[in-house]
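Overview (structure and organization)
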Amino acid sequence: MSLSPALRRGLGLTPALTIFGLFFALPMAYLLVVTFWRIKRYRLTPDFTLSNYADVFGDYLHALGFTLVIALVIALITTALAFAIAYLIRFRSGLFGQIILLSALATLFGGYLVKIYAWKAMLGAQGSVNLLLINLGLIDEPISWLLYSPAAVVITLVHFMLPFALLPILAGLRGVSEAPLEAARDLGAKPWQITRDIVLPQCRGSLFSAFSLAFLIPAGDYVTPRLVGGPETFMVGNFIENLFVGRMNAPMGAALAFTTLLACGIVLVTAHWLLGRALTPKWGR
Amino acid sequence: MSDPLLRLRNISKNYRETQAVHPLDLDVERGDFVALLGPSGCGKTTLLRMIGGFLPPSTGTIEIGGQDVTALGPEKRNTNMVFQGYGLFPHMTVAQNIGYGPKIAGRDPEQIDLDVVRMLNLVHLGAVADRLPAALSGGQQQRVALARALVMRPSILLLDEPLAALDLKLRKAMQDELKSLHRAIGGTFIFVTHDQGEAIDLANRIVVMEAGRIVQQGTPEDVYRRPASRFVASFIGDANMLSAVRKGGEVEIGSGRLPSPGPDGPVLVVIRPDDIALAGDGPLTLAGTVTESRFMGPYLRLVVTLADGTAVTVHRPSGAEGAAPPPMGSTATLGLPAAACSVVAP
C-alpha cells in the first residue's frame, strides 16, 4: 500500500507537530483560558471575566510601554551593530573577518548570568569603565547612572543579543553576491547608496529575524533589569513574575503576559511593514 | 588624425609575484568595436577591469577622451560595464534595474521613465519590464545588463565575456543583436572573449593577448590571414604549420621559395586549410597522399600526408566544384598561394 505524497509529508511532520502541540500550543491555550478565570480564596477558579485585562490596562500599561520602548532601543542598537559587524566580516576584512566572527561567537561561551555580572562589575562606580574614563581625564568623578539604570539594562542586553543577531545577518549577507555591488558602483552609486539600495534590501529577511530576536528576548527578560536595572527599572517581565510567584495571581499574570505578547506582535508586524517600505525600490515602474 | 578615445600608456598590473599584465600601450578609436581575445588567464579581464576603474593599474596612465582617469573609480568614469554573469539587482524589476543608474545620477523622474522605456524598446524587453531578473531567461538577463549600462550613455561600453553564459543558438542571436546595437547607437565597445569566432564575428579590431602581453592587434582579417606568431596562428582558427628553414631572406617550402625577410634559421610557414588548392599548379606545391577525407557539411576536410610525415589539413567547399572528393590513398598535389602564407618564428 502506498501513501499519497501529501499524507507522507504530513506523517513526516508528526514528531515536530506533536512537540509543538504538547509543549507550546497546549500550555499557551491553557494560559489563555486562565486569563479569564479568577482567584477565589487563594484558589484558581474557572470563570469568564475580563476583569484581569481591565486591571492590566489600569495598572500595568506604563510598565508595558516602558518595556516596549527599552526593548525597541535594544533591538535597534543590536541590529545596527550586528549589521555593521557582519558587513565588515563579509566585505571588508578578508581573513581578519574570521577572527572578528570567532571573537563575537566566543562570547556565547560565557553564560547569560556571567555576562550580567561582568557588566555589573564594569559599570559600577569603581568599575573599569568609570576608572578608564577618569584616567583618560574625560570625567572628574564616576558616572553614577552607568549602573542600576535603564542604560545598564540596554548595554547588557545589547551585548548579550549581539551574537544572536549577528548570525542571521551574516548568513543573509553571504547570499549577497559581489557583482551587483560592482554594477551599482559602476552606475555611479556611492558606498552608502550601495548599502541602502542594494545590500540592505537583499538581506531584509535576515535583518528582520535579527531584529525580532533582539526585540523579543529583551522584552520578556526579567533577570537583567533586576540585577543591573536598579530599584526603578522594572520591566513587564518583573511584574509578570511577581504576579505569578509573589502574589500567586496566575490569571492576572497570564493576562499581562498575553497583553505583552499581543503588543510585541503589533510591534513586529509594524517593524516588518516599515522595513519593507523603507527597502522597496521606489523608482522606475 | 584625431586623438584616440581611449589611450593606455605603460599599463601593467602585478599581484605580489604574479605579473597579470605586463606594461602595454593600447589606443581605441571612437566607434571601435574591440575584442580583447585570449585564453583564460591571459590578463584580458584584468585589463578590462583596469579600463573600467575596478582595479588600479600598478603602472601607467589611462586617458579617456583626453582626460587622465587613472586615479578615478568606476563611479567617476564615463564607462559602463556589462558583467560576466550580469550582476543584475535581484530585488529590482527589469525597469528598476535599468532606472537605477539614472536615478543615482539625479535625472528627474519623468526623464528616468522616458530613458527606461527607450532602453526597453532598444533591447526588446518591454513585455517583461515588471518582472524580477530571476523570472527571465539568460538572453533576457543579458539584455537587461546591456540596457542598464547603455542607459548611462557611456563613452565606452565594456563587456566581460558577455555571451559566455548563453547556449550556442542564443549566443549567435545575441551576437547579431550586439552588432546591430553597436551600429544603432554608434558607441565604442570593448569586450573580452576567449572565443575567436565571436571576436572575428563582432569586432572590427582584435587585440590578441597571451600571458599578460598584447601579441597582435589588427582587423579580424589581419589577425586571421597574417598571424604574427605561432600562438596567434594556432589560437585563431585552424592552421597548418609547416616547418621550414629561412636562408638569405627566402624560405624553402615544397617545390618553391617564399620571400621572407629575417634572420636565417628554422621557421614555421602558416597557412589556413581553406587557402590550400587541391590541384596545385602554382610555384608553391606540396605532394602527398590523401589519408583522410571527411564530409563536414559546408566543406570537405581532407588530410594530406607529405613524404616527411607532416599532415596538412585542407578544407574545400563541399558543393561548389561538384567534383567527388579524392579517394583515400590517392596522391594529391597541394597548391599554396604565396599571399596566404605567413612565416612566423617556430
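Residues numbered from 1 in each chain as written. Chains lettered and ligands numbered in written order. Predicted model: local features only at pLDDT ≥ 70, side-chain atom pairs only at ≥ 80, totals over all residues.

**Details of the pairing of strand E12 (residues 250-253) of chain B**
All names here are of chain B. Quick reminder of the rule: Any residue surrounded by 20 or more other C-beta atoms within 10 Å of its C-beta is treated as buried, while 12 or fewer makes it exposed and the intermediate range makes it partly exposed; C-beta atoms here are placed from the backbone. By the criteria applied, helices consist of DSSP H or I runs no shorter than four residues and strands consist of E runs no shorter than two, each listed in order from the N terminus. For two strands to pair, DSSP has to find at least two bridges joining them.
Of the two faces of E12, the one holding Val 251 and Ile 253 is buried and the one holding Glu 250 and Glu 252 is not buried anywhere. Of the strand pairs in this sheet, strand E11 (residues 240-247) and E12 are connected by 3 bridges, and their pairing is antiparallel. Bridge pairing in E12 links Val 245 to Glu 252. Once E11 ends, the chain turns through 2 residues before running back antiparallel as E12, passing Gly 248 with a positive phi of about 60 degrees. In sequence, E12 turns back onto strand E13 (residues 256-259) through a hairpin of 2 residues, with Gly 254 there showing a positive phi of about 55 degrees.

**Section: the interface of chain B and chain A**
What counts here: Residues are treated as contacting if the C-beta atoms built from their backbones sit within 7 Å of each other. Think of it as three bins: nonpolar holds Ala, Val, Leu, Ile, Met, Phe, Trp, Tyr, Cys and Pro, charged holds Asp, Glu, Lys and Arg, and polar takes everything else, Gly as well.
Tallying the contact residues gives 29 residues for chain B and 18 residues for chain A. Those elements giving two or more residues to the side of chain B that touches chain A turn out to be strand E6 (79-82), helix H2 (94-104) and helix H3 (109-122) of chain B. Among the residues making up the side of chain B that touches chain A, the classes are represented as 17 nonpolar, 9 polar and 3 charged.

**Topic: the UniProt feature "domain: ABC transporter" (unreviewed entry) in chain B**
Definition in use: UniProt positions are given in the numbering used here, feature names are shortened, and annotations may be inferred rather than shown by experiment.
The UniProt record marks residues 6-236 of chain B with the feature "domain: ABC transporter" (unreviewed entry), using the residue numbering of this structure. Across residues 6-236 of chain B one finds 36% helix and 26% strand; the C-alpha atoms that close the span lie 26 Å apart.

**Overview of the sheet that holds strand E5 (residues 67-68) of chain B**
All names here are of chain B. Just so we agree on the cut-off: A fitted line through C-alpha atoms serves as each axis, taken over the contacting stretch for helices, and the angle formed by two N-to-C directions is quoted from 0 to 180°.
Pairing within the open sheet is antiparallel, and its 4 strands lie in the order E2-E1-E4-E5. The open sheet is flanked by strand E2 (18-28) and E5, the only strands paired with a single partner. Relative to strand E4 (residues 59-64), strand E1 (residues 6-15) is paired through 5 bridges, and the arrangement is antiparallel. Note on E4: the bridge partner recorded for Arg 7 is Glu 63. Taken strand by strand, helix H1 (residues 44-52) contacts E1, E2 and E4, and its axis lies near 120 degrees from that of E1.

**Quick look at the sheet that holds E12 of chain B**
Residues and elements named next belong to chain B. Pairing in this open sheet of 5 strands is antiparallel, and the strands run E13-E12-E11-E14-E19 from one edge to the other. Of all the strands in the sheet, the pair left with one neighbour each is E13 and strand E19 (342-344). On average, each strand axis in the sheet is inclined to that of its neighbour by 40 degrees, with strand direction left out of account. Sheet topology places strand E14 (residues 265-271) next to E19; 3 bridges connect them, and they run antiparallel.

**Examining the UniProt feature "transmembrane region" (unreviewed entry) in chain A**
Residues and elements named next belong to chain A. UniProt annotation of "transmembrane region" (unreviewed entry) refers to residues 12-39, 60-89, 95-114, 145-167 and 254-275 when read in the numbering used here. In the segment residues 60-89, helix accounts for 97% and strand for 0%; the C-alpha atoms at its two ends are 42 Å apart. With 75% helix and 0% strand, residues 95-114 has end C-alpha atoms that lie 30 Å from one another.

**So, helix H5 (residues 112-123) of chain A**
All names here are of chain A. To be explicit about the condition: For a helix, the expected span equals 1.5 Å multiplied by the residue count minus one. Summarising the geometry, the arc corresponds to the directions from the helix axis toward the C-beta atoms.
Its 12 residues place the ends of H5 17 Å apart at the C-alpha level, agreeing with the 16 Å of an ideal helix rising 1.5 Å per residue. Looking only at H5, the buried set comprises Ile 116, Trp 119 and Leu 123. End-on view of H5: buried residues confined to an arc of 65 degrees, all on one side of the axis. What points out from H5, more than 90 degrees from its buried face, is the exposed set Leu 113 and Val 114. Buried-residue contacts for H5 involve helix H6 (128-135), helix H7 (150-174) and helix H11 (223-228).

**Brief notes about the domain arrangement of chain B**
Cut-off, in case you're wondering: Throughout, the edges of the domains are those of an automatic or database domain assignment.
By the assigned domains, chain B splits into domain 1 (6-225) and domain 2 (240-344). Centre-to-centre, using C-alpha coordinates, domain 1 of chain B lies 39 Å away from domain 2 of chain B.

**Some words on unusual backbone geometry**
All names here are of chain B. Residues other than glycine seldom take positive phi values, yet Asn 10 does so here, at roughly 60 degrees. If you trace the backbone, Asn 10 turns up in strand E1. One non-glycine residue with positive phi stands out, namely Arg 153, at about 45 degrees. You can see Arg 153 is positioned in the loop between helix H4 (138-150) and strand E7 (156-160).

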